[in-house]
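Listed below are the residues making up each chain.
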Amino acid sequence: MTAIPLGVPRRLVEFTLDGQEARVPEGSTILDACRAAGKDVPTLCEGDTLTPKNACRVCVVEVEGARTLAPACSRRAEPGMVVRTDTERARHSRKVVLELLASSVDLSTTPAVAGWLKEYEAKPDRFGPDAARVDEEARIDNDLYVRDYGKCILCYKCVDACGDQWQNSFAISVSGRGFDARISVEHDAPLTDSACVYCGNCIEVCPTGALSFKSEFDMRAAGTWDEDRQTETTTVCAYCGVGCNLTLHVQDNEIVKVTSPHDNPVTHGNLCIKGRFGYQHVQNRD
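Description of the structure in this document. Bear in mind that the values here come from a model prediction, so they are computed numbers and not experimental data. (Residues numbered from 1 in each chain as written. Predicted model: local features only at pLDDT ≥ 70, side-chain atom pairs only at ≥ 80, totals over all residues. Heavy atoms only, no water.)

## Things to note about the packing of aromatic side chains
For clarity, the cut-off: Centre distance within 6.5 Å is the pairing criterion for rings of Phe, Tyr and Trp, where only the six-membered ring of Trp is used; planes under 30 degrees apart are then read as stacked, over 60 as edge-to-face, and the remainder as tilted. Numbering of helices and strands runs from the N terminus; a helix is a DSSP stretch of H or I covering at least four residues, while a strand is a stretch of E covering at least two. Per-residue accessibility, obtained with a 1.4 Å probe over protein chains only, is compared with the maximum for each type, and a residue is labelled buried under 20%, exposed over 50%, and partly exposed between these values.
According to the stated counting rule, one finds 3 aromatic pairs in the structure shown. Pairing Tyr 145 with Tyr 198 gives two aromatic rings, centres 6.3 Å apart and planes at 65°, and the pair type is edge-to-face. Of this pair, Tyr 145 sits in strand S6 (residues 145-147) while Tyr 198 sits in the loop between strand S8 (182-184) and helix H5 (201-205), and the two are 53 residues apart along the sequence. The burial state of Tyr 145 is the same as that of Tyr 198; both residues are buried. With 5.2 Å between their ring centres and 50° between their planes, Phe 213 and Phe 277 make a pair best called tilted. With Phe 213 in strand S9 (residues 211-213) and Phe 277 in helix H7 (residues 273-277), this residue pair connects regions lying 64 residues apart in the sequence. Given the relative accessible area of 5%, Phe 277 is considered buried. Ring-pair connections join several aromatic residues into one group, and the members of that group are Tyr 145, Tyr 198, Phe 213 and Phe 277.

Take a look at the structure:
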């Protein structure tokens, strides 16, 4: 049995959320409170295993007395604050942000975005065909995962996961400025010539599919990728004694990718190259 440290109990913070009293543990964010109350506040750059980066600004809410809208993913709940999540101002801001994102990058593999575009009546096409886009071929320089910058929203989650928040490999960072900004390795080299250890933790946190398993990329290209037909089974990695949990995604009796539960006290969603990519030995191949 794994012992989970609970720490010192936190006092509850009381505030008003959309006209209703909300009570959350001290240190919780407004987004935490919204989720606890069952409110659907959209977010892209927020990650449950990472420090909020405030990059996408899709989760903004209105806080009474504040001059600007506040990002719900990082703004801590404070006693007595009054928060409104569905005001005209907040909805308009989300609509514009979604329009800007969808007009500049490919969000076709981003979960929930299609629904948000419809909900907020966002019209990315209004910027016209000359809207700046990253139109370049996906980078395939290894057999494990693919980098498709045409889908990257520069949320920096992959940089944080590769850096001091998890892996400490520091293989990737942001290069360039403005429309030329990219997530890149040193000197824009292939991954095989970089400090990348192929843990795939960057894939785990990527919200748009800009980073994806080579297997998923190939199946999408072939039109055979179908998440509705996939099953997920959580098991324990057999490579070493750490006890990392693996979630096997299986389609047509074949493992198509491996993730890890974010609430697991051992891995917190992170794996090594063996756990995430070393599953081919269990496949029945000719």
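Next comes the rest of the account.
## Points about the side chain of Ser 103
Heads up, the condition is: Residue contacts are defined here by distance: any two heavy atoms, one from each residue, within 4.5 Å place the two residues in contact.
In this fold, Ser 103 is placed in helix H2 (residues 88-104). For Ser 103, the contacting residues outside a window of four places in its chain are Pro 124, Phe 127, Ala 131, Ala 132 and Arg 133.

## Side note on the layout of surface pockets
The condition that has to hold: The distinction between a cavity and a pocket rests on a 1 Å grid over the protein atoms alone: a 1.4 Å probe fits inside a cavity but cannot get out, while a pocket stays open yet meets protein on both sides within 12 Å along at least five of seven lines, and a residue with an atom within 4 Å of a point counts as lining. Grid points are joined across faces, edges and corners, and a volume is the space filled by probe spheres set on the points. Ten residues, namely Ala, Val, Leu, Ile, Met, Phe, Trp, Tyr, Cys and Pro, are considered nonpolar, four, namely Asp, Glu, Lys and Arg, are considered charged, and the remaining ones, Gly among them, are considered polar.
If you add up the space inside the largest pocket, you get close to 1000 Å³. Contributing to the lining of the largest pocket are 41 residues, with Pro 111, Glu 204, Cys 206, Pro 207 and Thr 208 lying nearest its centre. At the level of secondary structure, the elements contributing two or more residues to the lining of the largest pocket comprise H5, S9, helix H6 (214-222), strand S11 (245-251) and strand S12 (254-259). Counted by class, the lining of the largest pocket contains 15 nonpolar, 13 polar and 13 charged residues.

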